[in-house]
Each structure stands twice: as C-alpha cells, then as structure tokens.
Amino acid sequence: MGRPASCNAGSDSFSKKYCLSAIAATVAETVTFPLDITKTRLQIQGEHASKNHGRQIHQYRGMVKTAAGIVTEEGLSKLWQGLPPAVLRHFVYSGCRMGFYEYLRDYVMKKDTDGYFPLWKSIVAGMSAGAAAQFLASPTDLVKVQMQMEGKRLLEGRTKRYRGTMHAFQIIVKENGIRGLWRGWLPNVQRAALVNLGDLTTYDTAKHTILRKTGLQDNYVTHTLSSICSGLVAATLGTPADVIKTRIMNNPDQYKGSLDCFVKAVKYEGFFSLYKGFLPTWARMAPWSLTFWLTFEQIRRFAGSSSF
C-alpha cells in the first residue's frame, strides 16, 4: 500500500503532521463514536429541570442502558449518527492541535535535544494548541452535537431538523448567520484547552519520562502506558466543560452563556451533574487515546517522520 500523496511533502512539514494526525484521529473517532453519542445523550438528560423548578423530566438510565436504549428505540446505526461531521471536525481539530503543539514545542519553546520538554511549557503549549484548534473546528462540533440529538427529537414527537451534514450547516447559517456556527464556542474552547492539557501534555510528559527513567524503548508498550495516563487525565479535566458545551450547543436559546449554564446545572441538578457522562467520556477517551496514539506513532514511522 503506498503512502497518501498529501503526506509526502517534507518529513517534518506542518502539512504532513496535520495529515498524519487527521488520519489517526479518523480511525480513533470511528471506532469509539458509539460511546460519544451515549455520552452526549447522558449530558442532555435533566437539562430542562431549570425550566421546571428542579423537577426532573428525563429518567436517568446510565451508560449501558442509554446505549441499549438508542439501539432498541432508534436502531443500531443510530450509534453512529453524527459521525460525518465528527470526522470532519477531527480533520480540522486533530490536525491543527497536533501541528500547533509540535510547532510550539520544537520551534517556539524549544524542547531539549534529548526530547525533554519542561512540564510548564508542555501545559502552555497543550492548552494553547487545543484552544486554537477547537475554535477553528467549533462549527463542525456544533453540527455533530445537534445531529446526535436527531433520533431523540423524533422519539419526542418533534420534526427532524437536518437531512445530513451539509444541510445542517446550511440551516444553521440560514437561521443564525455565519456567527451562528460558533454558538457555544467559548465552553468548547475551554474544554479543548483542558482536554489537551490532559491529553497532549500528559502523553508527551509521560512518554518522555518513561523513556528517561526506565529501560523501556520508544515502542507500543511505552505508547500504551502514556495513552492510558492521558485518557484518564483528559476525561477528568474536560468533562464539566464538555457538559456545558453540549447543553449550549443543543439548546443555545436556553442559556445566556457558559456561566449561566453552569449555575443552572449546579442549582437544579447538583454539582455532580457537571460529571454526567463521565463514565462513557472516560470509557471513550481511554480507547480513543490508545487508538489515536498507537495509530499516530505507527503512521509517523510509516511516513518517515520522527516519533512524537
């Protein structure tokens, strides 16, 4: 099998790193997407409590029952509803975040020759790269979230909003203008900064710490251990912002902003409502990180690039 034509330009070029990370992210997203839609449905449950003086409308079913309910009530294929905009998102988001991070690490903040990159620099680079990439990808995330809720809308007796990904973009722009594509961008960017603090920073730091402090080599064992650490930290830091982001994107007219959504969630549902969907988030983040980093590292070797 030959190398992708778009990945041949320069072993360390930004475009090549962008391409390789986008391919790895597409594989990881497709494999773990059912957990993402399960997480989204869990995060939406209970959000209307603020309109009903704290009385819960939706029954909480948990991760397994929510996933099973989607299959039973809507069909197995609905576990992948919203996948096209999710893949499109990662072609923008993952490509940019990895490219930005490596540029900051290698050329702006300049890692040591032995691969060591101080933790504080990694934190700054990871959060900056994640925030910038997510801002660019926010419209695709908005479409993904709204399409993931289409099956539930039909079950509630409401009309279907979108025929597909491009139709969703067209309707949103028609109703709200170009700026409408960036509804919910602030919590989205905040979440991405925290997730990449957990994912990029943790993976990079864990990997090079393992290589320096142990006898392990730069291979799949080290990559696996590093990805396990990054998945757990990313899920823990990113879930509250993810809940707020999902709710604003699903019902933008219900909230005045991130703070208003945060206050209503805590007031009517309690603090731990911010961790709704944590289990599927972590259950997805762990295999997503594992799939992404193992695929990414192997694709880099295949394409003639240095290890991350």
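From a predicted model like this one, the values you see are computed outputs, not experimental measurements.

Student: Before we move on, can you summarise the overall build of the chain with the specific residues and values?
Tutor: Looking only at helices and strands, the chain has 10 helices and 0 strands in total. For 308 residues, the compact-globule estimate of 2.2 N^0.38 gives 19 Å, and the C-alpha radius of gyration of the chain, at 20 Å, lies within 12% of that figure. Residues classed as buried in the chain amount to 53% of the 308 residues present. Restricting to contacts in the chain with at least 6 residues of sequence separation, those with at least 24 account for 76%. With the model as given, the accessible surface of the chain reaches about 13700 Å², and the carbon-plus-sulfur share is 65%. When the 39 basic and 22 acidic side-chain charges of the chain are each reduced to a single mean position, those positions are 3 Å apart.

Student: Pulling in residues and values, what's your account of the packing of aromatic side chains?
Tutor: Across all of its chains, the model carries 16 aromatic pairs by this definition. Plain terms: the ring middles of Y203 and W293 are 3.7 Å apart, the flat faces sit at 5° to each other, and that makes the pair stacked. One end of the pair, Y203, is in helix α7 (residues 185-213); the other, W293, is in helix α10 (residues 278-302), and 90 residues separate them in sequence. Positioned over the ring face of Y93 is R89, at 4.3 Å from the centre of the ring.

Student: Kindly report on empty space enclosed by the protein, identifying the contributing residues and their values.
Tutor: Scanning all chains against the criterion turns up 3 cavities of 30 Å³ or more. The volume enclosed by the largest cavity comes to roughly 190 Å³. The wall of the largest cavity is formed by 17 residues, among which R89, H90, R191, R284 and M285 lie closest to the centre. Among the secondary structure elements, those contributing two or more residues to the lining of the largest cavity are α1 (14-44), α3 (83-108), α4 (119-148), α7, α8 (220-250) and α10. For the lining of the largest cavity, the element with the highest residue contribution is α3, accounting for 4 residues. Among the residues forming the lining of the largest cavity, the class breakdown is 4 nonpolar, 1 polar and 12 charged.

Student: Explain the environment of G99 to me, using residue names and the numbers behind them.
Tutor: Inspection of the secondary structure puts G99 in helix α3. As a C-alpha pair, G99 and L119 span 20 residues in sequence and 19 Å in three-dimensional space.

Student: Report on the confidence of the model for the chain, specifying residues and quantitative values.
Tutor: Confidence in the prediction of the chain, expressed as mean pLDDT, is 83, and 91% of residues score 70 or more. Per-residue pLDDT, averaged within each element of the chain, yields its smallest value for helix α5 (residues 150-155) (74) and its largest for α4 (91). Of the regions scoring below 50 in pLDDT, residues 1-11 engages in 19 contacts with residues more than four places distant in sequence or in other chains. Below a pLDDT of 50 lies the segment residues 49-58, which in the model reaches 21 contacts outside its immediate sequence neighbourhood of four places, other chains included.

Student: Hey, could you go over the packing of α1 against α8 for me, with residue numbers and the actual values?
Tutor: In a packed pair of helices, the relevant descriptors are the angle between the two axes and the axis-to-axis distance. The geometry of α1 relative to α8 is characterised by a closest axis approach of 9 Å and an angle of 75° between their N-to-C directions. The orientation of α1 with respect to α8, classified from their angle, is roughly perpendicular. Residues K39, T40, Q43 and I44 of α1 form the contact with α8, whose own contacting residues are T239, D242, V243, T246, R247 and N250. Residues that form the contact of α1 with α8 fall into these classes: 2 nonpolar, 5 polar and 3 charged.

Student: Residue-level account of α10, with values.
Tutor: Between its terminal C-alpha atoms α10 stretches 35 Å, which fits the 36 Å expected from 25 residues at 1.5 Å a residue. Residue G304 follows α10 closely and has a positive phi angle near 85°.

Student: Tell me about unusual backbone geometry, and name the residues and values.
Tutor: Residues other than glycine seldom take positive phi values, yet K110 does so here, at roughly 55°. In this structure, K110 sits in the loop between α3 and α4.

Student: Account for the pattern of salt bridges, with residues named and values stated.
Tutor: Once their charged atoms are close, side chains differing in charge can pair, the charge on each being opposite to the other. Counted by the stated rule, this structure contains 23 salt bridges. Residue R191 is joined to D242 by a salt bridge in which the shortest nitrogen-to-oxygen separation is 2.8 Å. One end of the pair, R191, is in helix α7; the other, D242, is in helix α8, with 51 residues separating them in the sequence. The same class applies to R191 as to D242, namely buried. Among the salt bridges present, the one from D242 reaches K245, with a minimum N-O distance of 3.1 Å. Here D242 pairs with K245, and both are found in helix α8, just 3 residues apart, close to one helical turn.

Conventions and cut-offs
Residues numbered from 1 in each chain as written. Predicted model: local features only at pLDDT ≥ 70, side-chain atom pairs only at ≥ 80, totals over all residues. Heavy atoms only, no water. Helix = DSSP H or I, 4+ residues; strand = E, 2+ residues; numbered from the N terminus. Rg over C-alpha atoms; globule rule 2.2 N^0.38 Å. Buried < 20%, exposed > 50% of the residue type's maximum accessible area, 1.4 Å probe, protein only. Contact = heavy atoms within 4.5 Å. Areas by Shrake-Rupley, 256 points an atom, 1.4 Å probe, with all protein chains shown as cover. Lys, Arg positive; Asp, Glu negative; His and termini not counted. Charge placed at Lys NZ, Arg CZ, Asp CG, Glu CD. Phe/Tyr/Trp six-rings, centres within 6.5 Å; stacked < 30°, edge-to-face > 60°. Lys NZ or Arg CZ within 6 Å of the ring centre and 35° of its normal. 1 Å grid on protein atoms, 1.4 Å probe; cavity = no way out; pocket = protein on both sides within 12 Å on 5 of 7 lines; lining within 4 Å. Points joined across faces, edges and corners; volume = space filled by probe spheres on them. Nonpolar A, V, L, I, M, F, W, Y, C, P; charged D, E, K, R; others polar. pLDDT = per-residue confidence, 0-100. Axes fitted to C-alpha atoms, helices over the stretch in contact; angles between N-to-C directions. Parallel < 35°, antiparallel > 145°, perpendicular 65-115°, else oblique. Expected span 1.5 Å × (residues − 1). Salt bridge = Lys/Arg side-chain N within 4 Å of Asp/Glu carboxyl O.

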